[in-house]
Amino acid sequence: MVKEPPIQVVNKTRKTAKQKRTKTVLSKSAASGNRKKKKDSEYSSIPLWLKYVILGVSAALFVIVFYYFFIRPYTYRWKPCYGVKAYGVCLPQGYSVHGFDVSHHQGKIDWEELHKTQQTPFPVRFVFMKASEGGDFSDTAFVRNFDMARQYGFIRGAYHFYNPKTDAARQADFFIRSVKLEPGDLPPVLDIETRSKDVPKLRRDLKIWLDKIEKHYHVKPILYTSYKFKNRYLNDSIFDSYPYWIAHYYVDSVEYKGQWKFWQHTDVGTLPGIDESVDLNVFNGNMEELLQLTIPKE
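Residues numbered from 1 in each chain as written. Predicted model: local features only at pLDDT ≥ 70, side-chain atom pairs only at ≥ 80, totals over all residues. Heavy atoms only, no water.

Asks: What is the right way to read the overall build of the protein chain from this model?
Replies: In terms of helices and strands, the protein chain carries nine helices and 11 strands. The buried share of the protein chain, taken over its 298 residues, is 39%. Long-range contacts, defined as pairs at least 24 residues apart, comprise 66% of the intrachain contacts of the protein chain with a sequence gap of at least 6. A total of about 18,300 Å² of accessible surface is found on the protein chain, and carbon and sulfur atoms cover 56% of it. (Helix = DSSP H or I, 4+ residues; strand = E, 2+ residues; numbered from the N terminus. Buried < 20%, exposed > 50% of the residue type's maximum accessible area, 1.4 Å probe, protein only. Contact = heavy atoms within 4.5 Å. Areas by Shrake-Rupley, 256 points an atom, 1.4 Å probe, with all protein chains shown as cover.)

Asks: Would you mind showing me how to read the packing of aromatic side chains here?
Replies: The relative placement of two aromatic rings is captured by the distance of their centres and the angle of their planes. Counting across every chain of the model gives 19 aromatic pairs. The interplanar angle of 85° and the centroid separation of 6.0 Å between the aromatic rings of Phe100 and Phe154 together place this pair among those described as edge-to-face. Of this pair, Phe100 sits in strand 3 (residues 98-102) while Phe154 is found in the loop between helix 4 (142-151) and strand 6 (155-161), placing the two residues 54 residues apart along the sequence. In terms of burial, Phe100 and Phe154 fall into one category: buried. Centroid distance Phe126 to Phe128: 6.0 Å. Interplanar angle 70°. Geometry classified as edge-to-face. A single burial state applies to Phe126 and to Phe128, both of which are buried. (Phe/Tyr/Trp six-rings, centres within 6.5 Å; stacked < 30°, edge-to-face > 60°.)

Asks: Please clarify how the environment of Trp111 should be interpreted in this entry.
Replies: By the element assignment, Trp111 lies in helix 3 (residues 111-114). Put simply, Trp111 and Met148 are 37 residues apart on the chain and 6.7 Å apart in space, counted from C-alpha to C-alpha. Leave out the neighbours within four places in its chain, and Trp111 touches Phe100, Val127, Arg144, Asn145, Met148, Ala149, Tyr152 and Phe154.

Asks: What is the right way to look at a nonpolar patch on the surface in this model?
Replies: Together, Trp49, Leu50, Val53, Ile54, Val57 and Leu61 give the surface a local cluster of nonpolar side chains, amounting to about 570 Å² of exposed area. Following the sequence through the fold, Ile54 ends up in helix 2 (residues 48-71). (Patch = residues over 30% accessible without salt bridge, like charges linked within 9 Å, V, L, I, M, F, W, Y side chains within 5 Å. Salt bridge = Lys/Arg side-chain N within 4 Å of Asp/Glu carboxyl O.)

Asks: Looking at this model, I keep getting lost on the pairing of strand 3. Mind explaining?
Replies: Working note: regular strand, side chains alternate between the two faces of the sheet. In terms of residue burial, strand 3 counts as a mostly covered element, since five of its five residues are buried. Where strand 3 lies against strand 4 (residues 124-133), five bridges are found, and the strand directions are parallel. Across the sheet, Gly99 pairs through a bridge with Phe126, a residue of strand 4. Summarising the sheet, strand 3 and strand 11 (residues 278-283) pair through four bridges and their orientation is antiparallel. The partner of Phe100 across the bridge, within strand 11, is Leu280. (Pairing = 2+ DSSP bridges.)

So, in structure tokens, the structure goes:
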């Protein structure tokens, strides 16, 4: 007959092990509690005035950082306009030839209504339209916009949004297939905004696009970019020979010190016939000089 004591011994052993684990957990909890109490004690030992100083400095730093990155770049929008206000913005002083640029993002444009801007005190004379991007994307609004611009008397131009990850020659061929420029049109535009990790390769590829486009259209292309991008990545005499279209918003004047032909001075313009906000531009010259820049008759 089997005796009971061994079972009791096993149960007792299990109970003892459980008690040890419980003690260990309690010990760890106590230690953790002691550390927390120690931290609380250390924090409570900081003088009250110093706590307020720390909170004040932290708040001030937050406000400064927030202003620098999120408010300061756009303060120009709220500055008093000491020049002429038109099309929803303060127009740059000293420029008489105005224009704009669009893509499918502006939706369907009422060109008849837009044409009225040519009879205002600040007539809109030229327009650039997005034609293509990368090696296979066509802007869905380009064909209609390009035709309507000519029909309503705007000096028109077309631009290609460059993708550094796509072969440059392929992108040039795609633009050529997409855009048939005529005498009186502005030179083709290369829109370069996306940087590449390999800057020397980016420069070589851009030159491939520019050379191929110039050979086909028999006119020097225009380079569109921001003044910061130009200084950082295209600061080379090879690219300085091209006409520049510089993007620089919410400033009284372009900070780029080199030669430029067009300045995109805002992205929040309003024009009749266009429901969405639109980029506005000025030409660095008079109307006669703008016409001289266009593709000549053969």
